[in-house]
Amino acid sequence: MIHLYRFQDLNIVLDVNSGAVHAVSDSVFDILSLSYERTASRSSDSHADETKGVAAITVMTDEDVSVLSAKYPAETLAEARVEIDGLIAEGTLFAPEEDLGEISPEGRGAVIKAMCLHVAHDCNMRCAYCFADTGGFAGARGLMPFETGRRAIDFLLDQSGTRRNLELDFFGGEPLMNFDVVKALVLYGREHENKYGKHIRFTLTTNGLLLDDEKTDFINEHMDNVILSIDGRPEVNDHMRRTVSGEGTYAHIIDKLSRFVESRKAGAQNGGSPLYYVRGTYTAFNKDFAEDVRHLASLGFENISVEPAVTAADEPWALSERDLPELYAEYDRLAGLILESETAGNPVSFFHFKVDLDQGPCVFKRASGCGAGTAYVAVTPEGDIYPCHQFVGESLYKLGNIYAASFENRLAGTFEKAHIFSKAECRGCWAKYYCSGGCHAAAVHFEGDIMKPHRLSCALEKKRLECAIGLVAKRALT
């Protein structure tokens, strides 16, 4: 299977199964494009047509030669065919798919290695697009007691099997509203991880309103990564992200976030973790989100993520498939801005433009994605366990409680089977090894079926991947 597209002045060919990326001449690209069109016309798989994936192919028929001879000399076509044959021979073009029986993630069992710990079901902001009902998760607002958090850490250590490296994200609502418990739980985790032969990687997600020097020092010392929430330009941020009293939040947080990042950079020079990123959300109100990335970069933030709002279609800020042409163009513009910043000596790391062309994690991880419901769970202030933070509050997806005497993940089989080889729309998709089938919660909430990827998210992910791969190719050629 291959995927062909144009990125700026490059002709890109991605070989899906080998992961190889080729920047090819116009003649090679046109030969492969004709072969694709011929194969697609015989295919009844509309999704494969849509994604320009080619599973099996006859390269360069007599008809192709006839069509292309008007554009290219015979020797150019002959050289292109030799190049294509060489790539096929070396296994980097039309590589065969691995045996699904050997690489399917099913039957591996549910071993929990990551936890989203909801230390606060309350928030000091009221962001309009918040999936968590502005921090309350459609329930009573409250903070997690230390005892519940302690049991949750014990649960993670106990349920992680032979996994040594574990992850725990302090989440909310706003976790800094319960900072004393956060501190106590970090120290408890550090004290007990060695008894199990484990290492816990702590992260924290915050809106920044409560950041001060004390919290900054502790976070920089103990958190492996920090996610700071801000949407971008002041008017964009304040349109959606407001305080409880209705004020815009940009002026309240921007200096705090800037000081925090500078202190984190300084701490990294003394052995601390340098990892952080500022994370924003774009909506129908700021489809020119490249300007928000530009704005955040101008303030000195080097690691940036701005992601589409995934929300009910009847909300005024909702994005739809009608917006795709405009959003595609904006991602192209953003890719250009990223290259410009690098040329100017001010590189910016955009989260969704980072891609591992060595295909990154093992095939089981690439097939099953985030691990929600099998390797990843969320725990509420009451101790309830859910497959991930986006299922919290939905009784159908409640897996148990950490105060119970025993735990059996009754939905593990359901989530384990929701992988790219079992989803009909993923099997023929060129992006499957990079997106891993998309978000399970989005599939359930917007498509009504965990086996049906959310179409809008799918389309945007493929565009981001094209830009990400194109950027890698551009850098390699300069």
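Reading the values: rules and limits
Residues numbered from 1 in each chain as written. Predicted model: local features only at pLDDT ≥ 70, side-chain atom pairs only at ≥ 80, totals over all residues. Heavy atoms only, no water. Buried < 20%, exposed > 50% of the residue type's maximum accessible area, 1.4 Å probe, protein only. Helix = DSSP H or I, 4+ residues; strand = E, 2+ residues; numbered from the N terminus. Contact = heavy atoms within 4.5 Å. Polar contact = N/O pair within 3.5 Å; in protein donor to acceptor, adjacent residues only side chain to side chain. Phe/Tyr/Trp six-rings, centres within 6.5 Å; stacked < 30°, edge-to-face > 60°. Pairing = 2+ DSSP bridges. Axes fitted to C-alpha atoms, helices over the stretch in contact; angles between N-to-C directions.

Draft legend 1. Seen up close, helix H8 (residues 213–222). All of the buried residues along H8 are Lys215, Thr216, Phe218, Ile219, Asn220 and His222. Contacts made by the buried residues of H8 are with helix H7 (179–193), strand S9 (199–206), strand S10 (225–229) and helix H10 (250–268). Structurally, the start of H8 carries an N-cap: the backbone nitrogen of Glu214 is 3.2 Å from a side-chain oxygen of Asp212.

Draft legend 2. Spatial organisation of the packing of aromatic side chains. Under the criterion given, the structure shown has 15 aromatic pairs. Pairing Phe170 with Phe202 gives two aromatic rings, centres 5.8 Å apart and planes at 15°, and the pair type is stacked. Of this pair, Phe170 sits in strand S8 (residues 165–171) while Phe202 sits in strand S9, and the two are 32 residues apart along the sequence. Both residues of the pair, Phe170 and Phe202, count as buried. The structure contains a cluster of three or more aromatic residues connected by ring pairs, namely Tyr282, Phe289, Tyr331, Phe350 and Phe353.

Draft legend 3. Structural view of the pairing of strand S3 (residues 21–24). Of the two faces of S3, the one lined by His22 and Val24 is fully buried and the one lined by Val21 and Ala23 carries no buried residue. Direction of pairing for strand S2 (residues 10–15) relative to S3: antiparallel, over a ladder of four bridges. Note that in S3 the partner of Ile12 across the bridge is Ala23. Hairpin connection from S2 to S3: five residues lie between these consecutive antiparallel strands, with Gly19 at a positive phi of about 80°.

Draft legend 4. Geometry of the sheet that holds S9. Spatially, the 10 strands line up as an open sheet ordered S13-S12-S11-S10-S9-S8-S5-S14-S15-S16, and their pairing is mixed. Two strands bound the open sheet, and with one partner strand each, they are strand S13 (349–350) and strand S16 (400–401). Looking at chain direction, strand S12 (residues 303–308) and S13 are connected through two bridges and run parallel. Each bridged residue has a counterpart across the sheet, and for Asn303 the counterpart in S13 is Ser349. Each of strand S5 (114–118), S8 and S9 is contacted by H7, which is oriented at about 165° to S9, the strand it contacts most.

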